[in-house]
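Spelled out, the chains give:
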Amino acid sequence: MRNTLMRGGRPRALAGVVLLLGGAVACGPSGAGGEAGAGGASSTPSATTSVRFGEEIELSDGRHVGVSYAAGSGLVEQHRDAGTDEWSKPRVVYRTMADACQSITLEEFDGTVAVIADWGYYCADGEPPEESIAAVGTGDLSRWDAKLTKAFDGWEKATAEGDSRHLRFTNGSTRLRWSRAEGFGQVEETYR
């Protein structure tokens with residue numbers, strides 16, 4: 001299951017999630033939760049953040065995951081169980097102060113969630129990203145792995161390598177592997 005939302009794209013049912021996330025982020029306690037550095041996860045962004053972009057996906061088991069850019073914080077995630085309306089507290093999956101690009105891509109692989117997100121100065125105006133993030137959430141979605149790739153045009157897609165325990169992010173001949181046992185590997189160039 002794959003969802004991508006581009007700036008200027010058609011409206012989706014995600015508006016409620018974005019408003020909910022925006023309210024939670026804007027009203028959340030300042031300084032609560034752990035601080036996260038580049039690639040780290042924190043439980044709550046600062047109170048001065050606001051949502052810029054957003055995307056939501058319904059998983060095959062009925063759970064929902066919402067991911068947004070929060071200005072001044074970075075990539076923020078919330079999720080909710082099937083049949084409930086209560087979202088988890090916002091969690092910073094990747095902290096950055098850079099400008100968000102034009103899209104977030106979410107894809108599910110049998111309960112494992114892959115996220116592609118990009119940042120950079122003037123990125124929303126069409127400049128290439130300066131930071132490209134591949135992130136993966138597993139299990140109850142309380143744990144997220146994130147890998148930063150700098151000075152890179154961004155990941156184009158994520159695919160499963162056999163099953164959801166092994167994912168691959170690609171852009172042309174560049175690839176990045178993730179495994180549930182070992183996390184992210186190194187960025188590799190494949191020559192054909």
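The rules behind the values
Residues numbered from 1 in each chain as written. Predicted model: local features only at pLDDT ≥ 70, side-chain atom pairs only at ≥ 80, totals over all residues. Heavy atoms only, no water. Helix = DSSP H or I, 4+ residues; strand = E, 2+ residues; numbered from the N terminus. Buried < 20%, exposed > 50% of the residue type's maximum accessible area, 1.4 Å probe, protein only. Contact = heavy atoms within 4.5 Å. Areas by Shrake-Rupley, 256 points an atom, 1.4 Å probe, with all protein chains shown as cover. Disulfide = S-S within 2.5 Å. Phe/Tyr/Trp six-rings, centres within 6.5 Å; stacked < 30°, edge-to-face > 60°. Core = buried A, V, L, I, M, F, W, Y, C linked by side-chain atoms within 4.5 Å. Patch = residues over 30% accessible without salt bridge, like charges linked within 9 Å, V, L, I, M, F, W, Y side chains within 5 Å. Salt bridge = Lys/Arg side-chain N within 4 Å of Asp/Glu carboxyl O. Lys, Arg positive; Asp, Glu negative; His and termini not counted. Charge placed at Lys NZ, Arg CZ, Asp CG, Glu CD. Pairing = 2+ DSSP bridges.

Caption draft 1: Structural context of the overall build of the protein chain. For the protein chain, the helix and strand inventory stands at one helix and 14 strands. Out of the 192 residues in the protein chain, the part that is buried amounts to 49%. When contacts within the protein chain are restricted to residue pairs at least 6 apart in sequence, those whose partners lie at least 24 apart make up 46%. Put simply, the protein chain shows about 9300 Å² of open surface, and 49% of that area lies on carbon and sulfur atoms.

Caption draft 2: Quick peek at the state of the cysteines. On inspection of all chains with the given rule, the structure shows one disulfide. A disulfide bridge connects C101 with C123, and the sulfur atoms are separated by 1.5 Å. Its S-S torsion of approximately 60° makes the covalent link between C101 and C123 right-handed. Here C101, found in strand β6 (residues 100-109), pairs with C123, found in the loop between β7 (112-119) and β8 (131-138); they are 22 residues apart in sequence, far enough to count as distant. Exposure remark for C101: the relative accessible area of 7% places this residue in the buried category.

Caption draft 3: Geometry of the environment of H64. One can find H64 in strand β3 (residues 64-70). Setting aside residues up to four positions removed in sequence, H64 forms contacts with E56, I57, E58, Q78, H79, R80 and W87.

Caption draft 4: Main features of the packing of aromatic side chains. Applying the stated criterion across every chain, the model contains four aromatic pairs. Ring geometry for Y69 versus W119: centroids 5.2 Å apart, planes at 85°, classification edge-to-face. Here the residue Y69 occupies a position in strand β3, and W119 occupies one in strand β7, the gap between them amounting to 50 residues. Relative to W155, the ring of F152 lies with its centre 4.6 Å away and its plane at 55°, an arrangement referred to as tilted. For the pair shown, F152 and W155 are each scored as buried. The rings of Y69, Y94 and W119 are connected pair by pair, giving a single aromatic cluster.

Caption draft 5: Local environment of the nonpolar core. Judged by nonpolar contacts, the single largest core of 20 residues is most densely connected at V65, V67, L75, V113, V115, W119 and W144. Only β3, β5 (91-95), β6, β7 and β8 provide two or more residues apiece to this core. When residues in this core are grouped by element, the largest group, four residues, is from β7. With 13 residues, the next largest nonpolar core counts I116, A134, W155 and L176 among its residues.

Caption draft 6: Geometry of a negative patch on the surface. On the surface, a cluster of negative charge is made up of D99, D125, E127 and E130. With respect to the helices, strands and loops of the structure, E130 is situated in the loop between β7 and β8.

Caption draft 7: View of the environment of V67. Its location among the elements puts V67 in strand β3. Along the chain, V67 and G54 lie 13 residues apart, while their C-alpha atoms are 5.6 Å from each other.

Caption draft 8: Inspection of the pairing of strand β4 (residues 74-80) at higher detail. Of all seven residues in β4, seven are buried, a share of seventy percent or more. Direction of pairing for β3 relative to β4: antiparallel, over a ladder of seven bridges. When the sheet's bridge partners are listed, S68 is paired in β4 with V76. Linking two consecutive strands that pair antiparallel, namely β3 and β4, is a turn of three residues; a positive phi of about 85° is found at G72 within it. Inspection of the sheet shows β4 paired to β5 by four bridges, in the antiparallel sense. Residue E77 lies in a different strand from β5, and its bridge partner there is R91.

Caption draft 9: Expanded view of unusual backbone geometry. Unusually for a residue other than glycine, D110 sits at a positive phi of about 50°. The topology assignment puts D110 in the loop between β6 and β7. Overall, D110 belongs to the exposed group, its relative accessible area being 66%. Unlike most non-glycine residues, Y122 shows phi in positive territory, near 65°. Here Y122 lies in the loop between β7 and β8. By relative accessible area, which is 58% here, Y122 ends up exposed.

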